[in-house]
Amino acid sequence: MYAFKITGGRPLNGTVPIKGAKNAILPLMAAALLTDEPVILHNISYLSDVITMSGLLASLGASVTHTPDTLVIQANQITTTTAAYEYVSKMRASFWVLGPLLARFGETRVSLPGGCAIGARPVDLYIKALETMGANITIENGYVHARGPLHAADVFFPKISVGATHNTIMAAVLTPGTTIIHNPALEPEVIDLITLLQKMGADIRGIGTKTLTITGVSKLHGAIHTVVPDRIETATFAVAAAVTKGNIMMTGARLDLLEAVADTLRPSGIILTQTDQGLRVDATHAVLKSIPITTAEYPGFPTDAQSLLTTLLSLADGKALVTEHIFENRFMHVPELVRMGARIQAAGNQSVLITGVPELSGAIVTASDLRGGVGLVLAALAARGESIVQRIYHIDRGYDHLEDKLIALGANIERIPY
Ligand code: EPZ
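Residues numbered from 1 in each chain as written. Predicted model: local features only at pLDDT ≥ 70, side-chain atom pairs only at ≥ 80, totals over all residues. Heavy atoms only, no water.

Engineer: In this structure, what is going on with the overall build of the protein? I would like to understand it.
Structural biologist: Of regular secondary structure, the protein possesses 14 helices and 24 strands. A compact globule built from 418 residues would reach a C-alpha radius of gyration of about 22 Å, and the protein, at 21 Å, matches this within 12%. Dimensions along the principal axes, computed over C-alpha positions, put the protein at roughly 60 × 45 × 40 Å. Looking at the 418 residues of the protein, the share that counts as buried comes to 56%. Taking the intrachain contacts of the protein between residues at least 6 apart in sequence as the baseline, contacts between residues at least 24 apart amount to 73%. Put simply, the protein shows about 15300 Å² of open surface, and 54% of that area lies on carbon and sulfur atoms. Mean positive and mean negative side-chain charge positions of the protein (32 and 35 charges, respectively) differ by 3 Å. (Helix = DSSP H or I, 4+ residues; strand = E, 2+ residues; numbered from the N terminus. Rg over C-alpha atoms; globule rule 2.2 N^0.38 Å. Buried < 20%, exposed > 50% of the residue type's maximum accessible area, 1.4 Å probe, protein only. Contact = heavy atoms within 4.5 Å. Areas by Shrake-Rupley, 256 points an atom, 1.4 Å probe, with all protein chains shown as cover. Lys, Arg positive; Asp, Glu negative; His and termini not counted. Charge placed at Lys NZ, Arg CZ, Asp CG, Glu CD.)

Structure (C-alpha coordinates):
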(Lines give C-alpha, C1' and ligand atoms only; values in the text may rest on other atoms or scores of the structure.)
Protein backbone atom coordinates (compact mmCIF):
# COMPACT_ATOMS: atom_id res chain seq x y z
CA MET A 1 0.00 0.00 0.00
CA TYR A 2 1.01 3.60 -0.52
CA ALA A 3 0.69 6.79 1.49
CA PHE A 4 1.33 10.48 0.84
CA LYS A 5 4.11 12.11 2.84
CA ILE A 6 3.37 15.82 2.89
CA THR A 7 5.23 18.72 4.45
CA GLY A 8 2.79 21.60 4.63
CA GLY A 9 2.97 25.33 4.72
CA ARG A 10 3.94 26.17 1.15
CA PRO A 11 1.64 28.37 -0.94
CA LEU A 12 0.54 26.58 -4.11
CA ASN A 13 1.07 28.62 -7.25
CA GLY A 14 1.01 27.82 -10.95
CA THR A 15 -1.11 26.11 -13.56
CA VAL A 16 -2.88 22.77 -13.37
CA PRO A 17 -5.02 21.05 -16.03
CA ILE A 18 -8.56 19.96 -15.07
CA LYS A 19 -9.68 16.92 -17.07
CA GLY A 20 -13.06 15.30 -17.66
CA ALA A 21 -15.20 14.57 -14.61
CA LYS A 22 -14.92 11.07 -13.18
CA ASN A 23 -18.64 11.14 -12.42
CA ALA A 24 -19.37 11.91 -16.08
CA ILE A 25 -16.84 9.54 -17.68
CA LEU A 26 -18.32 6.54 -15.84
CA PRO A 27 -21.93 6.90 -17.06
CA LEU A 28 -20.69 7.92 -20.54
CA MET A 29 -18.74 4.66 -20.67
CA ALA A 30 -21.87 2.72 -19.66
CA ALA A 31 -23.82 4.52 -22.41
CA ALA A 32 -21.43 3.09 -25.01
CA LEU A 33 -23.16 -0.26 -24.36
CA LEU A 34 -26.28 1.12 -26.06
CA THR A 35 -24.82 0.91 -29.58
CA ASP A 36 -22.70 -1.43 -31.68
CA GLU A 37 -20.82 1.57 -33.14
CA PRO A 38 -17.76 3.22 -31.56
CA VAL A 39 -18.22 5.88 -28.89
CA ILE A 40 -15.20 8.17 -28.66
CA LEU A 41 -14.70 10.13 -25.44
CA HIS A 42 -12.11 12.93 -25.21
CA ASN A 43 -10.72 14.72 -22.12
CA ILE A 44 -10.28 11.45 -20.22
CA SER A 45 -8.33 11.07 -17.04
CA TYR A 46 -7.10 7.58 -16.13
CA LEU A 47 -8.30 7.33 -12.56
CA SER A 48 -8.56 3.92 -11.02
CA ASP A 49 -12.39 4.03 -11.31
CA VAL A 50 -12.07 4.55 -15.09
CA ILE A 51 -9.73 1.56 -15.25
CA THR A 52 -12.25 -0.53 -13.26
CA MET A 53 -15.06 0.49 -15.65
CA SER A 54 -12.84 -0.36 -18.66
CA GLY A 55 -12.25 -3.80 -17.14
CA LEU A 56 -15.98 -4.33 -16.62
CA LEU A 57 -16.87 -3.32 -20.20
CA ALA A 58 -14.09 -5.57 -21.56
CA SER A 59 -15.41 -8.46 -19.43
CA LEU A 60 -18.77 -8.05 -21.21
CA GLY A 61 -17.01 -8.35 -24.60
CA ALA A 62 -16.75 -4.63 -25.49
CA SER A 63 -13.52 -3.39 -27.01
CA VAL A 64 -11.98 -0.58 -24.96
CA THR A 65 -8.90 1.21 -26.29
CA HIS A 66 -7.29 4.44 -25.20
CA THR A 67 -4.69 7.06 -25.94
CA PRO A 68 -3.59 9.52 -23.24
CA ASP A 69 -6.64 11.76 -23.70
CA THR A 70 -9.18 9.58 -25.49
CA LEU A 71 -11.17 6.45 -24.82
CA VAL A 72 -12.76 4.45 -27.65
CA ILE A 73 -15.43 1.93 -26.71
CA GLN A 74 -17.18 -0.38 -29.14
CA ALA A 75 -19.82 -2.80 -27.91
CA ASN A 76 -20.41 -4.73 -31.14
CA GLN A 77 -19.50 -8.16 -29.79
CA ILE A 78 -21.06 -8.41 -26.35
CA THR A 79 -20.45 -11.96 -25.14
CA THR A 80 -22.23 -11.82 -21.77
CA THR A 81 -24.76 -9.53 -20.08
CA THR A 82 -23.62 -10.51 -16.59
CA ALA A 83 -21.70 -7.77 -14.74
CA ALA A 84 -19.53 -9.66 -12.27
CA TYR A 85 -19.12 -9.04 -8.54
CA GLU A 86 -15.39 -8.61 -9.08
CA TYR A 87 -16.04 -5.21 -10.77
CA VAL A 88 -19.32 -4.00 -9.31
CA SER A 89 -18.25 -4.63 -5.72
CA LYS A 90 -15.31 -2.24 -6.24
CA MET A 91 -17.24 0.66 -7.65
CA ARG A 92 -20.88 1.64 -7.45
CA ALA A 93 -20.98 3.25 -10.90
CA SER A 94 -20.45 -0.18 -12.48
CA PHE A 95 -24.03 -0.93 -11.44
CA TRP A 96 -25.07 1.62 -14.09
CA VAL A 97 -24.60 -0.96 -16.88
CA LEU A 98 -27.94 -2.39 -15.67
CA GLY A 99 -30.16 0.01 -17.66
CA PRO A 100 -28.27 -0.07 -20.99
CA LEU A 101 -27.79 -3.86 -20.97
CA LEU A 102 -31.45 -4.47 -20.14
CA ALA A 103 -32.69 -2.01 -22.77
CA ARG A 104 -30.46 -3.33 -25.56
CA PHE A 105 -30.34 -7.07 -24.82
CA GLY A 106 -33.59 -7.67 -22.92
CA GLU A 107 -31.95 -9.39 -19.94
CA THR A 108 -29.02 -8.79 -17.60
CA ARG A 109 -27.55 -9.90 -14.30
CA VAL A 110 -25.63 -7.24 -12.39
CA SER A 111 -23.97 -7.75 -9.04
CA LEU A 112 -25.25 -5.56 -6.21
CA PRO A 113 -22.78 -2.65 -5.84
CA GLY A 114 -19.98 -1.56 -3.51
CA GLY A 115 -18.30 1.87 -3.60
CA CYS A 116 -17.26 4.47 -1.03
CA ALA A 117 -18.66 3.58 2.41
CA ILE A 118 -20.39 6.91 2.99
CA GLY A 119 -23.87 5.64 3.80
CA ALA A 120 -26.36 2.85 3.18
CA ARG A 121 -26.58 3.59 -0.57
CA PRO A 122 -29.49 1.29 -1.53
CA VAL A 123 -30.56 0.66 -5.15
CA ASP A 124 -34.34 0.67 -4.59
CA LEU A 125 -34.89 3.72 -6.82
CA TYR A 126 -33.14 2.04 -9.76
CA ILE A 127 -35.20 -1.12 -9.35
CA LYS A 128 -38.54 0.64 -8.84
CA ALA A 129 -37.98 2.75 -11.98
CA LEU A 130 -37.18 -0.28 -14.15
CA GLU A 131 -40.13 -2.21 -12.67
CA THR A 132 -42.40 0.73 -13.56
CA MET A 133 -41.09 0.29 -17.10
CA GLY A 134 -42.13 -3.37 -17.07
CA ALA A 135 -38.91 -5.09 -15.98
CA ASN A 136 -39.18 -8.33 -14.05
CA ILE A 137 -36.53 -8.05 -11.35
CA THR A 138 -35.34 -10.62 -8.83
CA ILE A 139 -32.36 -10.61 -6.49
CA GLU A 140 -30.50 -13.92 -6.69
CA ASN A 141 -27.14 -14.83 -5.16
CA GLY A 142 -26.10 -11.19 -4.73
CA TYR A 143 -27.09 -10.29 -8.28
CA VAL A 144 -29.95 -8.21 -9.65
CA HIS A 145 -31.52 -10.31 -12.42
CA ALA A 146 -33.57 -8.07 -14.72
CA ARG A 147 -35.67 -9.24 -17.64
CA GLY A 148 -37.56 -7.21 -20.24
CA PRO A 149 -39.19 -6.30 -22.44
CA LEU A 150 -39.42 -2.71 -21.23
CA HIS A 151 -42.27 -0.38 -22.06
CA ALA A 152 -42.62 3.39 -21.81
CA ALA A 153 -43.89 4.68 -18.45
CA ASP A 154 -44.20 7.64 -16.11
CA VAL A 155 -41.31 7.30 -13.66
CA PHE A 156 -41.43 9.45 -10.54
CA PHE A 157 -38.41 9.67 -8.23
CA PRO A 158 -39.53 10.39 -4.63
CA LYS A 159 -35.88 11.22 -3.86
CA ILE A 160 -33.30 12.65 -6.25
CA SER A 161 -30.62 10.15 -7.24
CA VAL A 162 -27.83 10.81 -9.73
CA GLY A 163 -27.22 7.14 -10.48
CA ALA A 164 -30.89 6.15 -10.74
CA THR A 165 -31.43 9.08 -13.12
CA HIS A 166 -28.48 7.98 -15.32
CA ASN A 167 -29.72 4.40 -15.31
CA THR A 168 -33.34 5.20 -16.14
CA ILE A 169 -32.41 7.59 -18.94
CA MET A 170 -30.16 4.92 -20.49
CA ALA A 171 -32.96 2.36 -20.27
CA ALA A 172 -35.57 4.72 -21.74
CA VAL A 173 -33.64 5.81 -24.84
CA LEU A 174 -34.06 2.36 -26.46
CA THR A 175 -37.53 1.62 -25.03
CA PRO A 176 -40.48 2.00 -27.44
CA GLY A 177 -42.89 4.83 -26.63
CA THR A 178 -42.48 7.98 -24.53
CA THR A 179 -41.12 7.67 -21.01
CA ILE A 180 -41.41 10.62 -18.67
CA ILE A 181 -38.96 10.95 -15.78
CA HIS A 182 -40.21 13.21 -13.00
CA ASN A 183 -37.74 14.69 -10.49
CA PRO A 184 -34.47 13.62 -12.16
CA ALA A 185 -31.07 14.72 -10.87
CA LEU A 186 -29.82 17.89 -12.60
CA GLU A 187 -26.09 17.46 -11.94
CA PRO A 188 -23.82 18.63 -14.80
CA GLU A 189 -22.74 15.00 -15.24
CA VAL A 190 -26.38 14.00 -15.95
CA ILE A 191 -26.59 16.80 -18.53
CA ASP A 192 -23.34 15.50 -20.06
CA LEU A 193 -24.82 12.00 -20.37
CA ILE A 194 -27.94 13.40 -22.05
CA THR A 195 -25.74 15.40 -24.43
CA LEU A 196 -23.83 12.27 -25.48
CA LEU A 197 -27.07 10.29 -25.89
CA GLN A 198 -28.53 13.04 -28.08
CA LYS A 199 -25.39 12.87 -30.26
CA MET A 200 -26.01 9.10 -30.48
CA GLY A 201 -29.51 9.74 -31.83
CA ALA A 202 -31.61 9.65 -28.65
CA ASP A 203 -34.77 11.73 -28.45
CA ILE A 204 -34.65 13.46 -25.04
CA ARG A 205 -36.47 16.67 -24.19
CA GLY A 206 -36.62 18.83 -21.07
CA ILE A 207 -32.85 18.78 -20.53
CA GLY A 208 -31.98 20.64 -17.31
CA THR A 209 -35.62 20.68 -16.10
CA LYS A 210 -37.52 18.58 -13.53
CA THR A 211 -39.32 16.60 -16.26
CA LEU A 212 -37.46 14.61 -18.89
CA THR A 213 -39.42 13.30 -21.85
CA ILE A 214 -37.71 10.45 -23.68
CA THR A 215 -39.07 8.85 -26.83
CA GLY A 216 -37.35 5.54 -27.47
CA VAL A 217 -35.61 4.91 -30.79
CA SER A 218 -34.92 1.46 -32.26
CA LYS A 219 -31.19 1.99 -32.66
CA LEU A 220 -28.50 4.39 -31.48
CA HIS A 221 -25.28 5.14 -33.33
CA GLY A 222 -21.70 6.04 -32.41
CA ALA A 223 -20.64 9.54 -31.36
CA ILE A 224 -17.68 11.70 -30.42
CA HIS A 225 -17.87 13.64 -27.17
CA THR A 226 -15.62 15.78 -24.97
CA VAL A 227 -16.32 15.10 -21.29
CA VAL A 228 -17.44 18.01 -19.07
CA PRO A 229 -14.62 19.22 -16.76
CA ASP A 230 -14.42 17.80 -13.26
CA ARG A 231 -16.07 20.33 -10.92
CA ILE A 232 -14.94 18.45 -7.80
CA GLU A 233 -11.31 18.36 -8.93
CA THR A 234 -11.73 22.08 -9.63
CA ALA A 235 -13.08 22.61 -6.10
CA THR A 236 -10.14 20.61 -4.73
CA PHE A 237 -7.52 22.90 -6.30
CA ALA A 238 -9.55 25.98 -5.40
CA VAL A 239 -9.48 24.94 -1.74
CA ALA A 240 -5.78 24.02 -2.07
CA ALA A 241 -5.15 27.61 -3.16
CA ALA A 242 -7.37 28.93 -0.35
CA VAL A 243 -5.75 27.04 2.54
CA THR A 244 -2.19 27.74 1.34
CA LYS A 245 -2.85 31.34 0.24
CA GLY A 246 -1.82 30.48 -3.28
CA ASN A 247 -2.82 31.45 -6.79
CA ILE A 248 -3.75 28.64 -9.18
CA MET A 249 -4.84 28.71 -12.82
CA MET A 250 -6.96 25.63 -13.62
CA THR A 251 -7.01 25.16 -17.37
CA GLY A 252 -10.22 23.70 -18.76
CA ALA A 253 -12.16 24.42 -15.53
CA ARG A 254 -15.58 26.09 -15.53
CA LEU A 255 -16.80 28.47 -12.83
CA ASP A 256 -20.44 28.08 -13.90
CA LEU A 257 -20.37 24.46 -12.66
CA LEU A 258 -19.04 25.55 -9.29
CA GLU A 259 -21.18 28.49 -8.20
CA ALA A 260 -22.34 27.00 -4.87
CA VAL A 261 -18.72 26.32 -3.87
CA ALA A 262 -17.53 29.70 -5.19
CA ASP A 263 -20.15 31.42 -3.00
CA THR A 264 -18.45 29.94 0.08
CA LEU A 265 -15.00 31.15 -1.03
CA ARG A 266 -15.70 34.73 -2.11
CA PRO A 267 -16.49 36.08 1.43
CA SER A 268 -12.89 35.15 2.36
CA GLY A 269 -11.50 37.50 -0.27
CA ILE A 270 -10.70 34.68 -2.69
CA ILE A 271 -10.94 35.95 -6.26
CA LEU A 272 -12.29 33.56 -8.90
CA THR A 273 -11.87 34.64 -12.49
CA GLN A 274 -13.11 32.74 -15.55
CA THR A 275 -10.96 33.17 -18.65
CA ASP A 276 -10.92 31.45 -22.06
CA GLN A 277 -8.26 29.08 -20.73
CA GLY A 278 -10.00 28.15 -17.50
CA LEU A 279 -10.54 29.33 -13.95
CA ARG A 280 -8.06 31.29 -11.84
CA VAL A 281 -8.31 31.17 -8.04
CA ASP A 282 -6.31 33.87 -6.32
CA ALA A 283 -6.15 33.49 -2.55
CA THR A 284 -2.95 35.45 -1.97
CA HIS A 285 -4.77 38.07 0.10
CA ALA A 286 -7.44 35.76 1.54
CA VAL A 287 -8.57 35.87 5.16
CA LEU A 288 -10.59 32.67 5.62
CA LYS A 289 -14.09 33.34 6.97
CA SER A 290 -16.50 30.86 8.51
CA ILE A 291 -19.66 30.27 6.55
CA PRO A 292 -22.37 27.64 7.15
CA ILE A 293 -22.72 24.87 4.58
CA THR A 294 -25.56 22.47 3.86
CA THR A 295 -25.08 19.92 1.11
CA ALA A 296 -27.86 19.50 -1.43
CA GLU A 297 -28.57 18.23 -4.91
CA TYR A 298 -27.32 20.38 -7.80
CA PRO A 299 -27.37 23.38 -8.00
CA GLY A 300 -26.93 23.23 -4.22
CA PHE A 301 -23.62 22.76 -2.42
CA PRO A 302 -22.17 19.40 -3.61
CA THR A 303 -21.74 16.65 -1.04
CA ASP A 304 -18.50 15.69 -2.82
CA ALA A 305 -17.00 19.07 -1.83
CA GLN A 306 -18.15 18.95 1.81
CA SER A 307 -14.94 17.40 3.14
CA LEU A 308 -12.85 19.94 1.22
CA LEU A 309 -14.70 22.83 2.85
CA THR A 310 -14.56 21.13 6.24
CA THR A 311 -10.78 21.46 5.99
CA LEU A 312 -11.01 25.09 4.90
CA LEU A 313 -13.45 25.99 7.70
CA SER A 314 -11.11 24.35 10.23
CA LEU A 315 -8.70 27.18 9.42
CA ALA A 316 -11.27 29.98 9.15
CA ASP A 317 -12.08 32.81 11.48
CA GLY A 318 -15.21 31.97 13.53
CA LYS A 319 -17.64 29.06 13.88
CA ALA A 320 -19.52 27.27 11.11
CA LEU A 321 -22.14 24.54 11.03
CA VAL A 322 -21.70 21.97 8.25
CA THR A 323 -24.76 19.81 7.52
CA GLU A 324 -24.65 16.75 5.27
CA HIS A 325 -28.03 16.16 3.65
CA ILE A 326 -27.19 13.58 0.96
CA PHE A 327 -25.36 10.73 2.72
CA GLU A 328 -25.71 9.48 6.32
CA ASN A 329 -22.05 8.79 6.95
CA ARG A 330 -19.86 11.37 5.31
CA PHE A 331 -17.90 12.79 8.25
CA MET A 332 -15.33 10.01 8.60
CA HIS A 333 -12.49 12.45 7.88
CA VAL A 334 -13.47 14.59 10.89
CA PRO A 335 -11.76 12.56 13.66
CA GLU A 336 -8.61 12.59 11.54
CA LEU A 337 -8.78 16.38 11.13
CA VAL A 338 -9.21 16.67 14.88
CA ARG A 339 -5.94 14.74 15.25
CA MET A 340 -4.33 17.52 13.21
CA GLY A 341 -5.61 20.13 15.66
CA ALA A 342 -8.98 21.02 14.12
CA ARG A 343 -11.79 21.94 16.56
CA ILE A 344 -14.83 20.09 15.30
CA GLN A 345 -17.69 18.68 17.34
CA ALA A 346 -20.76 16.69 16.41
CA ALA A 347 -23.91 18.83 16.34
CA GLY A 348 -26.72 16.33 15.99
CA ASN A 349 -26.93 13.44 13.60
CA GLN A 350 -25.90 14.97 10.31
CA SER A 351 -24.02 18.14 11.30
CA VAL A 352 -20.70 19.22 12.74
CA LEU A 353 -19.78 22.54 14.31
CA ILE A 354 -16.34 23.79 13.29
CA THR A 355 -14.49 26.41 15.31
CA GLY A 356 -11.62 27.69 13.21
CA VAL A 357 -8.06 27.51 14.53
CA PRO A 358 -5.11 29.58 13.26
CA GLU A 359 -3.08 26.55 12.28
CA LEU A 360 -3.16 22.75 11.89
CA SER A 361 -0.21 20.50 12.71
CA GLY A 362 1.08 17.51 10.74
CA ALA A 363 0.03 14.01 11.85
CA ILE A 364 -0.38 10.45 10.62
CA VAL A 365 -3.94 10.19 9.35
CA THR A 366 -5.99 7.64 7.41
CA ALA A 367 -8.26 8.18 4.41
CA SER A 368 -11.48 6.22 4.69
CA ASP A 369 -13.17 7.39 1.47
CA LEU A 370 -12.25 9.31 -1.65
CA ARG A 371 -13.29 12.88 -0.87
CA GLY A 372 -12.64 12.63 2.86
CA GLY A 373 -9.12 11.46 1.97
CA VAL A 374 -8.56 14.48 -0.24
CA GLY A 375 -9.81 16.71 2.57
CA LEU A 376 -6.97 15.29 4.67
CA VAL A 377 -4.41 15.97 1.91
CA LEU A 378 -5.59 19.59 1.81
CA ALA A 379 -5.24 19.84 5.58
CA ALA A 380 -1.72 18.40 5.36
CA LEU A 381 -0.76 20.92 2.64
CA ALA A 382 -1.77 23.74 4.98
CA ALA A 383 -0.42 22.23 8.22
CA ARG A 384 2.80 22.96 10.01
CA GLY A 385 5.18 20.01 9.78
CA GLU A 386 4.96 16.59 8.22
CA SER A 387 1.86 14.45 7.67
CA ILE A 388 1.38 10.95 6.39
CA VAL A 389 -1.98 10.28 4.70
CA GLN A 390 -2.56 6.53 4.59
CA ARG A 391 -4.84 4.41 2.36
CA ILE A 392 -4.53 6.69 -0.63
CA TYR A 393 -6.03 4.04 -2.90
CA HIS A 394 -9.31 5.76 -2.01
CA ILE A 395 -7.92 9.02 -3.46
CA ASP A 396 -6.60 7.32 -6.61
CA ARG A 397 -10.18 6.33 -7.44
CA GLY A 398 -10.99 9.92 -8.31
CA TYR A 399 -7.71 11.75 -8.94
CA ASP A 400 -5.10 10.87 -11.55
CA HIS A 401 -1.73 11.08 -9.75
CA LEU A 402 -2.83 13.94 -7.53
CA GLU A 403 0.72 14.28 -6.20
CA ASP A 404 2.16 15.14 -9.65
CA LYS A 405 -0.27 18.02 -10.05
CA LEU A 406 0.43 19.27 -6.52
CA ILE A 407 4.22 19.02 -6.99
CA ALA A 408 3.89 21.11 -10.17
CA LEU A 409 2.22 23.77 -7.99
CA GLY A 410 5.09 23.75 -5.49
CA ALA A 411 3.78 21.30 -2.87
CA ASN A 412 6.12 19.09 -0.89
CA ILE A 413 4.34 15.74 -1.36
CA GLU A 414 5.63 12.28 -2.11
CA ARG A 415 3.98 8.89 -2.69
CA ILE A 416 5.70 6.41 -0.41
CA PRO A 417 5.21 2.68 0.27
CA TYR A 418 3.57 2.40 3.68
C1 EPZ B 1 -23.22 9.97 -7.34
O2 EPZ B 1 -23.40 8.82 -6.53
C3 EPZ B 1 -21.74 10.24 -7.34
N4 EPZ B 1 -21.02 9.09 -7.87
C5 EPZ B 1 -21.26 10.54 -5.92
O6 EPZ B 1 -19.90 10.89 -5.98
C7 EPZ B 1 -22.04 11.74 -5.38
O8 EPZ B 1 -21.66 11.96 -4.04
C9 EPZ B 1 -23.54 11.45 -5.46
O10 EPZ B 1 -23.91 11.10 -6.83
C11 EPZ B 1 -24.40 12.63 -5.04
O12 EPZ B 1 -24.06 13.75 -5.81
C13 EPZ B 1 -20.83 8.99 -9.19
O14 EPZ B 1 -21.30 9.79 -9.98
C15 EPZ B 1 -20.00 7.85 -9.67
P16 EPZ B 1 -27.19 9.20 -5.45
P17 EPZ B 1 -24.79 8.07 -6.51
O18 EPZ B 1 -27.89 8.01 -6.00
O19 EPZ B 1 -25.42 8.16 -7.85
C20 EPZ B 1 -29.96 7.64 -1.92
C21 EPZ B 1 -17.61 10.74 -5.39
O22 EPZ B 1 -16.98 10.99 -4.33
N23 EPZ B 1 -30.44 6.57 -2.81
O24 EPZ B 1 -27.49 10.54 -6.05
O25 EPZ B 1 -24.54 6.74 -5.94
C26 EPZ B 1 -28.49 7.48 -1.53
O27 EPZ B 1 -28.33 6.54 -0.50
C28 EPZ B 1 -18.93 10.00 -5.33
O29 EPZ B 1 -17.20 11.03 -6.51
C30 EPZ B 1 -31.48 5.78 -2.40
O31 EPZ B 1 -32.01 5.93 -1.30
O32 EPZ B 1 -25.59 8.96 -5.48
C33 EPZ B 1 -28.13 8.89 -1.14
O34 EPZ B 1 -28.55 9.13 0.17
C35 EPZ B 1 -19.26 9.48 -4.00
N36 EPZ B 1 -31.91 4.77 -3.23
C37 EPZ B 1 -28.97 9.75 -2.10
O38 EPZ B 1 -29.99 8.87 -2.61
C39 EPZ B 1 -31.36 4.56 -4.45
O40 EPZ B 1 -31.80 3.64 -5.16
C41 EPZ B 1 -28.21 10.30 -3.29
O42 EPZ B 1 -27.45 9.25 -3.89
C43 EPZ B 1 -30.31 5.39 -4.88
C44 EPZ B 1 -29.87 6.41 -4.04
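Having seen the structure, we can now continue with the description.
Engineer: Sorry, what's going on with the site of the ligand here?
Structural biologist: What surrounds the ligand is a group of 24 residues, the closest being Asp124, Ser161, Val162, Asp304 and Ile326. For the ligand, an oxygen atom lies 2.6 Å from a polar atom in the side chain of Ser161. One nitrogen or oxygen atom from the main chain of Val162 is found 2.7 Å from an oxygen atom belonging to the ligand. When isolated, the ligand has an accessible area of 830 Å², and the protein chains bury 93% of it. The set of elements that each furnish at least two residues to the shell around the ligand consists of helix 1 (22–31), helix 5 (124–132), helix 6 (162–172) and helix 12 (370–382). Counting residues per element, the shell around the ligand draws most heavily on helix 5, which supplies three residues. In terms of residue class, the shell around the ligand is built from twelve nonpolar, four polar and eight charged. Each of domain 1 (2–18 + 229–417) and domain 2 (22–226) accounts for three or more of the residues forming the shell around the ligand. (Near = heavy atom within 4 Å. Polar contact = N/O pair within 3.5 Å; in protein donor to acceptor, adjacent residues only side chain to side chain. Nonpolar A, V, L, I, M, F, W, Y, C, P; charged D, E, K, R; others polar. Domains from an automatic or database assignment.)

Engineer: Hey, could you run me through the domain arrangement of the protein in this one?
Structural biologist: The parts lose accessible area when they come together, and the size of an interface is often stated as this lost area. Here the domain parsing of the protein yields domain 1 (2–18 + 229–417) and domain 2 (22–226). Placing the centre of domain 1 and that of domain 2 at their C-alpha centroids yields a distance of 30 Å. Every contact between the two is made by 20 residues of domain 1 and, on the other side, 22 residues of domain 2. Roughly 1800 Å² of surface becomes buried between domain 1 and domain 2 when both sides are summed, with 49% attributable to carbon and sulfur atoms. At the boundary of domain 1 with domain 2, the tally comes to two salt bridges. Linking Arg231 and Glu189 is a salt bridge whose minimum nitrogen-to-oxygen distance equals 2.9 Å. Viewed at the interface, domain 2 and domain 1 are joined by seven residue pairs in polar contact (both at pLDDT 80 or more). (Buried area = accessible area lost by both parts, 1.4 Å probe. Salt bridge = Lys/Arg side-chain N within 4 Å of Asp/Glu carboxyl O.)

Engineer: Sorry if this is basic, but what is going on with the nonpolar core here?
Structural biologist: The nonpolar side chains of soluble globular proteins are, as a tendency, buried together. One finds Leu41, Val97, Ile169 and Leu197 to be the most contacted residues of the largest nonpolar core, which totals 77 residues. Among the elements that take part in this core, helix 1 stands out by supplying seven residues, more than any other. Discounting chain neighbours no more than four positions away, the residues touching Leu197 are Ala31, Leu34, Ile169, Met170, Val173, Ala202 and Ile204. Of all hydrophobic cores here, the second largest spans 72 residues; its members include Leu255, Met340, Leu370 and Leu381. (Core = buried A, V, L, I, M, F, W, Y, C linked by side-chain atoms within 4.5 Å.)

Engineer: What's the story with the packing of aromatic side chains in this structure? I'm lost.
Structural biologist: Working definition: an aromatic ring pair is given by the centre-to-centre distance plus the angle between the planes. Taken as a whole and assessed by the stated rule, the structure comprises one aromatic pair. Arranged with centres 5.2 Å apart and planes meeting at 75°, the rings of Phe95 and Tyr126 form a pair that is edge-to-face. Here the residue Phe95 occupies a position in the loop between helix 3 (85–88) and helix 4 (98–105), and Tyr126 occupies one in helix 5, the gap between them amounting to 31 residues. Of the two residues, Phe95 and Tyr126, neither departs from the other in class, the shared state being buried. One cation-aromatic arrangement involves Arg109 over Tyr143; the distance from NZ or CZ to the ring centre is 4.9 Å. (Phe/Tyr/Trp six-rings, centres within 6.5 Å; stacked < 30°, edge-to-face > 60°. Lys NZ or Arg CZ within 6 Å of the ring centre and 35° of its normal.)

Engineer: Would you take a moment to explain the sheet that holds strand 21 (residues 351–355) for this structure?
Structural biologist: Strand-to-strand pairing in sheets goes through backbone hydrogen bonds, with the strands running parallel or antiparallel. One open sheet accounts for four strands, arranged 18-19-21-20; its pairing is mixed. Whereas interior strands pair on both sides, the edge strands pair on one side only; in this sheet they are strand 18 (293–294) and strand 20 (343–346). Pairing between strand 19 (residues 319–323) and strand 21: five bridges, direction antiparallel. Within the sheet, the bridge partner assigned to Val322 lies in strand 21 and is Val352. (Pairing = 2+ DSSP bridges.)

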